[in-house]
Amino acid sequence: MVNSDGRPVIGLVGAGGISRAHMPGLLGLAGEICDFSQDGAEMLAREFSEGPVPVTLASSLDELLSRCDIVDVATPTPTHFEIVRAALEAGRDVICEKPMTRTSADAQALVDLAADKGLHLYPAHVVRYFPEYAALKDAVDAGRLGDLAVLRFVRSGAFPTTPWFADVEASGGIVMDQMIHDLDQARWIAGPIARVSAMSTRTVSDGNPVEAAHVILTHVGGAVTQCSGVWGPPHLEFTTEYSVAGTGGTLAHSSRAEKRYSAHLNSADPAPGAQQRADGFLPAVDPAEDPYALELCDYVSAIEGGPQPRVSAADGVEAVRIAEAALESIATGQPVELGGRLAEEPNGNLAAEKKDGLR
Ligand SMILES: NC(=O)C1=CN([C@@H]2O[C@H](COP(=O)(O)OP(=O)(O)OC[C@H]3O[C@@H](n4cnc5c(N)ncnc54)[C@H](OP(=O)(O)O)[C@@H]3O)[C@@H](O)[C@H]2O)C=CC1
Ligand SMILES: O=C1CO[C@H](CO)[C@@H](O)[C@@H]1O
């Protein structure tokens, strides 16, 4: 189905917030983008119809799967399992938004199916492509921080307004939906995790829900990570922070840092520059190094025979498994042992390896 330039037809499932963040990257990679969603696909197609790449509509998932080479799943979390399974059954390589599925058992089942079919499956852990996090990874891998001792990750934004996010059964709440980015960072930067302790709170203020969580991870290598997440009131700008200390030094990032002052008040007059930087739901992105475009390019290149991308399917399973452990710890009040065995198994790479073997 590739077009005359050899560019693939990419099927986008979904037309919500993250679909719009994917569109610039998809437009740079695809010969055609075919979108399917419940209601919003037409509006999304209209918004992005100016350029040379046709944005077309499918009237069902089956139609989309029959018309595309690669599927990009950007629907609510509880729909990921069935949509990804259908795409793999139809023989399509798949990119899927995080969390890969709501449970690690479902995520592992998809990894196994992809491996059986010799197909690629990539979970969209986009924070690995944000420059400040990629720089941290490079510094740690180069040994510039020495042996890691303590890591702290913080992520704050407005409580998401689309109703399914508020349903913990559906979304997994702040830990599975939002903090999963930093749980993945912690494992990527400081290695496998042996123990997870967590606590969370949800309250309502002036009719607005607010949810927050702290998760402590003990890494197999001995380092300790604290992840904190906030889904706050509607005026809260999206911000991120980390600070990492090792025997060789420290590294820190704050998305607020370049601002001379920051105010997050419930007022009609937001902090200067805030709207250009980030809304309450997604972080600010420099279009010159758009991490959503970088991740999509990495995955599509791998699907087309390039090197393994920065994220594997096994990474997606493991992120969900750590988030599940945190939810269990919140429910029981006890730490959860992950046993140090962790999924440092090559499952995520199997699909690609198998496929390469078939070429
Ligand atoms: N990596 C990141 O930084 C981010 C990741 N995410 C993740 O992306 C996913 C989607 O989030 P987001 O875009 O914010 O969600 P939204 O609720 O804004 O959008 C979801 C879209 O999926 C469509 N949809 C729902 N069910 C189906 C279905 N069964 N088949 C086809 N389309 C369907 C909706 O349809 P309709 O046309 O009716 O609107 C809507 O267009 C979630 O898993 C979330 O965790 C979200 C934000 C950022
Ligand atoms: O990074 C993100 C922004 O916030 C959203 C709401 O929690 C998340 O789904 C998303 O992954």
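Residues numbered from 1 in each chain as written. Chains lettered and ligands numbered in written order. Predicted model: local features only at pLDDT ≥ 70, side-chain atom pairs only at ≥ 80, totals over all residues. Heavy atoms only, no water.

The protein is annotated in an unreviewed UniProt entry as 1,5-anhydro-D-fructose reductase from Acidipropionibacterium virtanenii.

### Observations regarding the environment of Val-317
This is how it is decided: Put simply, DSSP marks the helices as runs of H or I at least four residues long and the strands as runs of E at least two long, and each gets a number from the N terminus on. In this scheme, a residue with accessible area under 20% of its type's maximum is buried, one over 50% is exposed, and one in between is partly exposed, where area comes from a 1.4 Å probe on protein chains only. Contacts are residue-level and defined by heavy atoms, with any inter-residue pair within 4.5 Å sufficient.
For Val-317, the location among the structural elements is in helix 11 (residues 313-332). The buried category is assigned to Val-317, whose relative accessible area is 5%. Through-space distance from the C-alpha of Val-317 to that of Pro-99 is 8.5 Å; in sequence the pair is 218 residues apart. Contact partners of Val-317, with chain neighbours within four places excluded, come to Met-100, Ser-104, Ala-107, Gln-108 and Val-111.

### Focus: the site of ligand 2
Filter applied, for reference: We call a residue near a molecule or strand when any one of its heavy atoms sits within 4 Å of it. We define a polar contact as two N or O atoms separated by no more than 3.5 Å, with the added condition that, inside protein, one atom must be a possible hydrogen donor and the other a possible acceptor, whereas residues neighbouring each other in sequence contribute only through side-chain atom pairs. Amino acids are sorted into nonpolar (Ala, Val, Leu, Ile, Met, Phe, Trp, Tyr, Cys and Pro), charged (Asp, Glu, Lys and Arg) and polar (every other residue, Gly among them).
Around ligand 2, the neighbouring residues are Lys-98, Pro-160, Phe-165, Asp-177, Gln-178, His-181, Trp-231, Phe-238 and Phe-281. Here an oxygen atom of ligand 2 sits 2.6 Å away from a polar atom, N or O, in the side chain of Lys-98. For ligand 2, an oxygen atom lies 2.8 Å from a polar atom in the side chain of Trp-231. Along the lines of polarity and charge, the residues of the shell around ligand 2 split into 5 nonpolar, 2 polar and 2 charged.

### Examining the pairing of strand 11 (residues 239-246)
Where we set the bar: For two strands to count as paired, DSSP must find a minimum of two bridges between them.
Bridge count between strand 7 (residues 148-158) and strand 11: 8 bridges; the pairing is antiparallel. Residue pairing across strands places Val-150 opposite Ala-245, the latter belonging to strand 11. Direction of pairing for strand 11 relative to strand 12 (residues 249-254): antiparallel, over a ladder of 6 bridges. Considered in strand 12, the bridge of Val-244 is made with Leu-251. The turn linking strand 11 back onto strand 12 is made up of 2 residues.

### What about the site of ligand 1?
What counts here: Note on areas: Shrake-Rupley, 1.4 Å probe, and residue coverage restricted to the protein chains presented here.
In the vicinity of ligand 1 lie 28 residues, with Ala-15, Ser-37, Asp-39, Gly-40 and Asp-177 positioned nearest. In the environment of ligand 1, an oxygen atom lies 2.8 Å from a nitrogen or oxygen atom belonging to the backbone of Ala-15. Gly-17 is positioned with one of its backbone polar atoms (N or O) 3.2 Å from an oxygen atom of ligand 1. Coverage of ligand 1 by the protein chains reaches 84% of its 910 Å² of free accessible surface.

### Here we look at the sheet that holds strand 11
Quick reminder of the rule: Comment: axis = line fitted to C-alpha atoms, over the contacting stretch for helices; angle = value between 0 and 180 degrees taken between N-to-C directions.
Taking strand neighbours across the sheet as the criterion, the 7 strands line up as 12-11-7-10-9-8-13 in an open arrangement whose pairing is mixed. The two strands at the open ends of the sheet, each matched to only one other strand, are strand 12 and strand 13 (336-337). Across 9 bridges, strand 7 lies against strand 10 (residues 224-232) in parallel orientation. What sits directly across from Val-154, in strand 10, is Ser-228. Strands strand 7, strand 8 (193-205), strand 9 (208-219) and strand 10 of the sheet are contacted by helix 8 (residues 173-190), whose axis makes an angle of about 25 degrees with strand 9.

### Here's the deal with the state of the cysteines
We count it as follows: Disulfide assignment relies on a single distance test, namely cysteine sulfur atoms paired within 2.5 Å.
All told, the structure shown has 0 disulfides when counted by the stated rule. Sulfur of Cys-68: no disulfide; nearest cysteine sulfur belongs to Cys-34 and is 6.8 Å away.

### Quick notes on helix 6 (residues 131-141)
Of all the positions in helix 6, only Tyr-133, Ala-134, Leu-136, Lys-137, Ala-139 and Val-140 are classed as buried. Gly-143 sits one or two residues past helix 6 and shows a positive phi near 80 degrees.

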